Amino acid sequence: MTSQAQPETLHAAAGKIIPVVLAGGSGTRLWPLSRNSLPKQFLPLASNHTLYQDTLLRSAPDDLFGPPVVVANEEFRFFAQRQAREIGIDATVMLEPARRDSAPALLAAARHVAETHGPETLVLALASDHVVQDTAAFREAVQLGARIARLGRIVTFGISPSEPRTSYGYIRLGTELDPLGAYEVDSFVEKPDRATAELYVQAGYLWNSGNFLFPAGLLLEEAERYEPAIAAAVNSAVANAKMDLVGFLRLDPVAFKSAPAKSIDFAVMERTRLAAVVRGSFGWSDVGAWDALYEIGAQDQSGNVTVGSVQLLDSSNSYVRSDGPLVTAIGIDGLSVIATYDAVLVMPSSRSQDVKHLVNLLKTRNPREVDEHLTVHRPWGTLESVCEGERFQVKKIVVEPGGVLSLQKHYHRSEHWVVVHGTAEVTLEDRTFMVHENESTYLPIGTVHRLRNPGKIPLELIEVQTGSYLGEDDITRFEDIYQRA
């Protein structure tokens, strides 16, 4: 392929579109629910599935889409794989060794698709944390975008503005390419102030959704033209990538880390002459703040949106959510109230964009609640802090079927395990034995031990730790199937 692709060049259809889901970001604007240890894409914010799962489901393998590629970081790789399998989707999870923004991540996925399926294969790049309310309309937009992309275009999806938002970038339309709603991109413009946003809406600009459709080889060509350093680093990272366990493709860390950090918008989309836009009317939101969840939620007769254990009296136009205790309110109007078991946020809904400033303020005090939930996710399952005091701590541990904790020991604490659901296989020094429901076992300080769930249902147990130091870093691993030893 030449580096000077032209719009009229016909890229032959290459079968199914390959979705590439970018799942490596974090969302502090949705604190206290979204935190660094569990960002918003892995939370069920708009349906019974997580945002990430909803993204996979609307592009699930069928007559239009092929098997997806997910780009995630090391911390969430098992979580991304587990959530995909929960909805019956097997995805290749590409591991980025470091965060380098969207350009290196997307280009690495495009290179992998080009080498696996051919450079003419269409790639649909999707953010993992967006909401789409009309899947049928979304598929129609993708099919139109595919026709345009096969003519040698890099397609983005623009959303007709409902109001002059200052939190979105905008797209100015150029020449019409298809009467169904496809255009050349005249220009991309950054997030405007309120007055400028009003002018953009009046002039027919579209919101930039940040989702793209393109022939894999074409995006790589344009990256080599405009960002040769990123392209070279990505090519080397993919060429030297290695399969890791089952379903993970680990990019070469030295090569990938040498890539400059840059978004795909700045690296390619705002510079290429091949950009096109398809108008999308499929109920899109990037869920960038709590007011966005109010807008897409089901409002009652008083304009309230409630989620979880909530009871309101004489209240209106408010978003109240509890992922923990019962939340009650009397006579509130225009407020957002979000409660978890360890943090509560109360604010005027109009101040949703300021949550990031609150989180930055909290960081100066170093509270645990900024980054961590009481429930912490591990490759094998979860652990949840239940109670703690001087020289003791109680945790609930859930091990998924087939999950295995590392072979390990502690220097400062002993542990008591009480099985409440399922069956535990316990290794203690040179013995391996089963512990059933309503049974317990004791692990003295310094003993080498391991826990495994050999059953078909989740294993739940209560762990009581006692000792002089109870930090999670009091651990020495000898063996670990998740390669953490």
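A quick note: this is a predicted structure, and the numbers were derived from the prediction, not measured.

## Description of the overall build of the chain
Inference 1: A count of helical and extended segments in the chain gives eleven helices and 28 strands.
Inference 2: For 485 residues, the compact-globule estimate of 2.2 N^0.38 gives 23 Å, and the chain sits close to it at 25 Å.
Inference 3: Counting only C-alpha atoms and orienting by the principal axes, one finds that the chain spans roughly 75 × 60 × 40 Å.
Inference 4: Looking at the chain as a whole, 53% of its 485 residues qualify as buried.
Inference 5: Accessible surface for the chain amounts to roughly 21200 Å². Of this, 50% is attributable to carbon and sulfur atoms.
Inference 6: Positive and negative charge centroids in the chain, built from 45 and 60 side chains respectively, lie 3 Å apart.

## Brief notes about the sheet that holds strand 15 (residues 319–330)
Inference 1: Taken together, four strands build an open sheet; the order of strands is 14-15-16-17 and the sheet is mixed. Pairing within the sheet leaves two strands with one partner each, and these edge strands are strand 14 (305–313) and strand 17 (344–348). Pairwise comparison of adjacent strand axes, ignoring direction, gives a mean angle of 20° for this sheet.

## Digging into the nonpolar core
Inference 1: If you look at the biggest cluster of nonpolar residues, it comprises 59 residues, and the most contacted ones within it are Phe42, Tyr52, Leu56, Val70, Trp290 and Leu451.
Inference 2: The next biggest cluster of nonpolar side chains, apart from the first, holds 46 residues, and it includes Val234, Leu249, Leu274 and Ala275.

## Overview of the pairing of strand 12 (residues 275–280)
Inference 1: Counting buried residues along strand 12, five of its six residues qualify, which places the element largely inside the surrounding structure.
Inference 2: For strand 6 (residues 154–159) and strand 12, the ladder comprises six bridges, and the chain directions are parallel. Residue pairing for strand 12: Thr156 is matched across the bridge by Val277.
Inference 3: Relative to strand 12, strand 8 (residues 182–189) runs antiparallel, the two sharing three bridges. Counterpart to Tyr183 in the pairing with strand 12 is Val277.

## Brief notes about helix 11 (residues 355–363)
Inference 1: By the burial criterion, the buried members of helix 11 are Val355, Val359 and Leu362. Here the buried residues of helix 11 occupy an arc of 60° about the axis, which is enough to place them on one side.
Inference 2: For helix 11, the elements touching its buried residues are helix 10 (290–296) and strand 17.

## A few points about the sheet that holds strand 25 (residues 440–443)
Inference 1: Ordered in space as 18-19-20-27-22-25, the six strands form an open sheet in which the pairing is antiparallel. Pairing within the sheet leaves two strands with one partner each, and these edge strands are strand 18 (375–378) and strand 25. With direction set aside, neighbouring strand axes in the sheet form an average angle of 20°.
Inference 2: Of the strand pairs in this sheet, strand 19 (residues 381–389) and strand 20 (residues 392–399) are connected by eight bridges, and their pairing is antiparallel.

## Some details on unusual backbone geometry
Inference 1: Here the bond from Trp31 into Pro32 is cis, since omega is 15°, no more than 30 degrees from zero.
Inference 2: Of note, the phi angle at Asp101 is positive, near 70°, even though the residue is not glycine.
Inference 3: One can find Asp101 in the loop between strand 3 (92–96) and helix 3 (102–117).
Inference 4: Of note in the backbone geometry, Asn438 takes a positive phi value of approximately 70° without being a glycine.
Inference 5: In this structure, Asn438 sits in the loop between strand 24 (431–435) and strand 25.

Calculation criteria
Residues numbered from 1 in each chain as written. Predicted model: local features only at pLDDT ≥ 70, side-chain atom pairs only at ≥ 80, totals over all residues. Heavy atoms only, no water. Helix = DSSP H or I, 4+ residues; strand = E, 2+ residues; numbered from the N terminus. Rg over C-alpha atoms; globule rule 2.2 N^0.38 Å. Buried < 20%, exposed > 50% of the residue type's maximum accessible area, 1.4 Å probe, protein only. Areas by Shrake-Rupley, 256 points an atom, 1.4 Å probe, with all protein chains shown as cover. Lys, Arg positive; Asp, Glu negative; His and termini not counted. Charge placed at Lys NZ, Arg CZ, Asp CG, Glu CD. Pairing = 2+ DSSP bridges. Axes fitted to C-alpha atoms, helices over the stretch in contact; angles between N-to-C directions. Core = buried A, V, L, I, M, F, W, Y, C linked by side-chain atoms within 4.5 Å. Arc of directions from axis to C-beta. Contact = heavy atoms within 4.5 Å.

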